[in-house]
Amino acid sequence: MKEEQITADYQRKRRELEEDEDILKNTQRKGEQLIQETLSDIYRIVQQSAADSEPFDRAKQSIMQIENDYHEELSRAKKQLYQQQEKLEQDYRNDLQKANKE
């Protein structure tokens, strides 16, 4: 394979991974915003009803657990994406070396 083709393939794959990274970042931002809005809404409802705060505390605890699970899953997805980026870089360097030897 020629250097131009190797570089073009690398750049295409790199753009795809960068798009995936942008999607993850947007998902994280939107998820965190949704979590905060949900907690705020629940708190407002509890205060308006002048009810016992125990249900709010339980709901908040559940949401915090979901938030932790959400962040763990995002971290796993980011780690996998970064590993793919590193592998792409390594493969690109290896392919260039092979092309230069030919």
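Residues numbered from 1 in each chain as written. Predicted model: local features only at pLDDT ≥ 70, side-chain atom pairs only at ≥ 80, totals over all residues. Heavy atoms only, no water.

1. Details of the overall build of the protein
- Counting secondary structure elements, the protein contains two helices and zero strands.
- Over its C-alpha atoms the protein spans a radius of gyration of 23 Å, topping by over 25% the 13 Å that the globule rule assigns to 102 residues.
- In terms of its C-alpha atoms, the protein occupies a principal-axis envelope of roughly 80 × 15 × 10 Å.
- Of all intrachain contacts in the protein linking residues separated by at least 6 positions in sequence, the fraction that spans at least 24 positions is 82%.
- Counting every atom, the protein has about 8,000 Å² of accessible surface; 48% of that belongs to carbon and sulfur.
- If you average the places of the 18 positive and of the 24 negative side-chain charges in the protein, the two averages end up 4 Å apart. (Helix = DSSP H or I, 4+ residues; strand = E, 2+ residues; numbered from the N terminus. Rg over C-alpha atoms; globule rule 2.2 N^0.38 Å. Contact = heavy atoms within 4.5 Å. Areas by Shrake-Rupley, 256 points an atom, 1.4 Å probe, with all protein chains shown as cover. Lys, Arg positive; Asp, Glu negative; His and termini not counted. Charge placed at Lys NZ, Arg CZ, Asp CG, Glu CD.)

2. Considering the nonpolar core
- Grouped together as the largest cluster of nonpolar side chains are ten residues: Ile6, Tyr10, Leu17, Leu24, Leu74, Leu81, Leu88, Tyr92, Leu96 and Ala99.
- Listing elements by their share of this core, those giving two or more residues are helix 1 (3-49) and helix 2 (54-101).
- If one sorts the elements of this core by residue count, helix 2 sits on top with six residues.
- If we skip the residues at most four places from it in the chain, Tyr10 touches Leu88, Glu89 and Tyr92. (Core = buried A, V, L, I, M, F, W, Y, C linked by side-chain atoms within 4.5 Å. Buried < 20%, exposed > 50% of the residue type's maximum accessible area, 1.4 Å probe, protein only.)

3. Looking at helix 2
- End to end, helix 2 covers 70 Å across 48 residues, agreeing with the expected 70 Å (1.5 Å per residue, within 8%).
- When we look at burial in helix 2, the residues that qualify are Phe56, Ile63, Glu67, Leu74, Leu81, Gln85, Leu88, Tyr92, Leu96 and Ala99. (Expected span 1.5 Å × (residues − 1).)

4. Description of the environment of Ile35
- With respect to the element layout, Ile35 can be found in helix 1.
- What makes Ile35 buried here is its relative accessible area of 11%.
- C-alpha separation for the pair Ile35 and Lys60, spaced 25 residues apart in sequence, amounts to 10.0 Å.

5. Concerning the side chain of Gln85
- Structurally, Gln85 can be placed in helix 2.
- At 3.5 Å, the side chain of Gln85 forms a polar contact with the side chain of Glu21.
- Setting aside chain neighbours within four positions, we find Gln85 in contact with Arg14, Leu17 and Glu21. (Polar contact = N/O pair within 3.5 Å; in protein donor to acceptor, adjacent residues only side chain to side chain.)

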